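Close look at the chain arrangement
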Amino acid sequence: MSRAPWLPSCPAPALSLLLLVLLELLVASVLSVCPGVCHCSRGHRVVDCSSRGLTKLPSSLQHNIRFLNLSFNSLQSIDTQLSHYVHLRTLDLSYNRLATLPPALPRSLWDFRATGNHLRTLDKNDTAYHWNLKVLDLSDNKLERIVFINNTLPGLQTLNLSHNRFWTVPTNMPHNLAAIDLSHNFLVQILPDSLDRLPRLNRFFLHDNRFSWLHEGVFDKLYSLELITLGDNPWACEDEENMTKLLKWAEQTRATVLGCPCYTKPICGRSHLATSDTNWHSSLFTEPPFWESERTALATSSYRAKSAMFETEVFQDKMNDSMEVFEATSFSAQTSTTARPKMATKKTRNSRNGVNGLTVQSINCIIVLIIVCCLNGC
């Protein structure tokens, strides 16, 4: 059969190579189907599998996912499977049953959350290689000990360790931290000089602990401090020698102090005197996180007062940084931790239809090329 004049000539080896490439694309498109229990968007790179009763990691996740929400499930352990997702930026494992952190977490992570699990310790190897991590949330666990190695987590800016069981403020904390939440623990002391290598720290939440006094000058090297919370601690106000020094620091510091020791004032600090904004009050520390709906707050009513950094703008700013790759994507839209709205099923179906559409197009291209090959006698 002679070749049609409108068909381009194509050497057989080149055509075979082209067919092979198209077949690989076809296989890849079939394998990247969104797991049936999850909701996927943005080309399957944003995956929400929260509140699905999962006991293991869903299969058929696309290899280049950027955002994975596995919160409010029944995961007890996760092996090294997560290490395969080398493009993952945000991972939420909150409210599962994890006793230890998953091994070999992707080093690409910017934001990692494991709130509301059963973690007791954080070993130095758990964080040794996460140079890109900006936000680490391990609140509402059973942590009693945490070990940081010097010069690890160089990019970490926000650390949430609230609602745990610490007795002493952890030492060797990452040096570039801007916000630390240690509220709602059992803290009784801060070791001298343990905060001296935190020059960028501007928000420090220490309310609702068991402090009775603090070493003199313990906060003196926090040159960037803007806000500190000291309320709801059993300060030994009769100890004039120690408390006078702390009260003097609280009045003269450039930072805003919420909950002045010994209940002298609700707010003190020199920056407070220079502004008329007196809207800071303790209710900031009891509001639910900004991404949770009222329904979620009711469903998790056993969870104690939420951490301070999630009710202030600190965490919102960090979240915007970590999600910039998705432009308008935010936790309020993509990290729903309640039952899915009616439209969610429709969106998932549309997402999967998109994959099927790609498959049909690939098949059509292959059929056309086979016809061309036959007409050219290759």
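Quick note: structure is the one above.
These lines cover the structure that appears in this document, whether it is placed above or below. (Residues numbered from 1 in each chain as written. Predicted model: local features only at pLDDT ≥ 70, side-chain atom pairs only at ≥ 80, totals over all residues. Heavy atoms only, no water.)

With respect to the sheet that holds strand β10 (residues 179–181)
Reading across the sheet, the twelve strands line up as β1-β2-β3-β4-β5-β7-β9-β10-β11-β12-β13-β14 and stay open at both edges, with mixed pairing between neighbours. Bordering the open sheet on either side are β1 (39–41) and β14 (267–268), each of which pairs with just one other strand. Sheet topology places β10 next to strand β11 (residues 203–205); three bridges connect them, and they run parallel. Pairing of A179 across the sheet is with R203, part of β11. (Pairing = 2+ DSSP bridges. Helix = DSSP H or I, 4+ residues; strand = E, 2+ residues; numbered from the N terminus.)

Things to note about the nonpolar core
Counting residues in each nonpolar core, the largest one holds 67 residues, and the members touching the most others are L68, F112, L138, L195, F204, L206 and F219. Other than its neighbours up to four places away in sequence, L68 contacts V47, C49, L57, L61, L82, L88, T90, L91 and D92. (Core = buried A, V, L, I, M, F, W, Y, C linked by side-chain atoms within 4.5 Å. Buried < 20%, exposed > 50% of the residue type's maximum accessible area, 1.4 Å probe, protein only. Contact = heavy atoms within 4.5 Å.)

Some remarks on unusual backbone geometry
The phi dihedral of A104 falls on the positive side, at around 55°, and the residue is not glycine. One non-glycine residue, N172, lies in positive phi territory at about 55°. Judged by its relative accessible area of 36%, N172 is partly exposed.

Side note on the packing of aromatic side chains
Per the counting criterion, the structure on display carries six aromatic pairs. Aromatic side chains Y129 and W131 sit 6.1 Å apart centroid to centroid with 75° between the ring planes, which places their arrangement in the edge-to-face category. Ring geometry for W167 and F186: centres 5.7 Å apart, planes at 50°, overall tilted. Placement of W167 in the loop between β9 (158–160) and β10 and of F186 in the loop between β10 and β11 is noted, with a sequence separation of 19 residues between them. A cation sits over an aromatic face here: K134 above W110, 4.4 Å from the ring centre. (Phe/Tyr/Trp six-rings, centres within 6.5 Å; stacked < 30°, edge-to-face > 60°. Lys NZ or Arg CZ within 6 Å of the ring centre and 35° of its normal.)

What to know about the pattern of salt bridges
Tallying each qualifying case throughout the model produces four salt bridges. D196 serves as the salt-bridge partner of K221, at 3.9 Å between the closest nitrogen and oxygen. Of the two residues, K221 sits in the loop between β11 and β12 (227–229) while D196 sits in the loop between β10 and β11, which places them 25 residues apart along the sequence. Residue classification places K221 among the partly exposed residues on the basis of a relative accessible area of 35%. Given a relative accessible area of 24%, D196 falls into the partly exposed group. (Salt bridge = Lys/Arg side-chain N within 4 Å of Asp/Glu carboxyl O.)

A few points about the state of the cysteines
Considering all chains together, one arrives at four disulfides under this definition. With its sulfur 2.0 Å from that of its partner, C34 forms a disulfide with C40. On the S-S bond that ties C34 to C40, the torsion sits near 80°, and the link is right-handed. Each sulfur in the disulfide pair C38 and C49 lies 2.0 Å from the other. Disulfide C38-C49: torsion about the S-S bond near 105°, hence right-handed. Here C38, found in the loop between α1 (12–31) and β1, pairs with C49, found in the loop between β2 (46–48) and β3 (67–69); they are eleven residues apart in sequence, far enough to count as distant. (Disulfide = S-S within 2.5 Å.)

Looking at empty space enclosed by the protein
Enumeration over the complete set of coordinates arrives at three cavities of 30 Å³ or more. Of the voids in this model, the second largest cavity is the one considered here, and its volume is about 70 Å³. Lining of the second largest cavity is provided by L101, L105, L109, F112, L122, D126, T127, H130, L133, L136 and L138. Its residues assigned to classes, the lining of the second largest cavity comprises eight nonpolar, two polar and one charged. (1 Å grid on protein atoms, 1.4 Å probe; cavity = no way out; pocket = protein on both sides within 12 Å on 5 of 7 lines; lining within 4 Å. Points joined across faces, edges and corners; volume = space filled by probe spheres on them. Nonpolar A, V, L, I, M, F, W, Y, C, P; charged D, E, K, R; others polar.)

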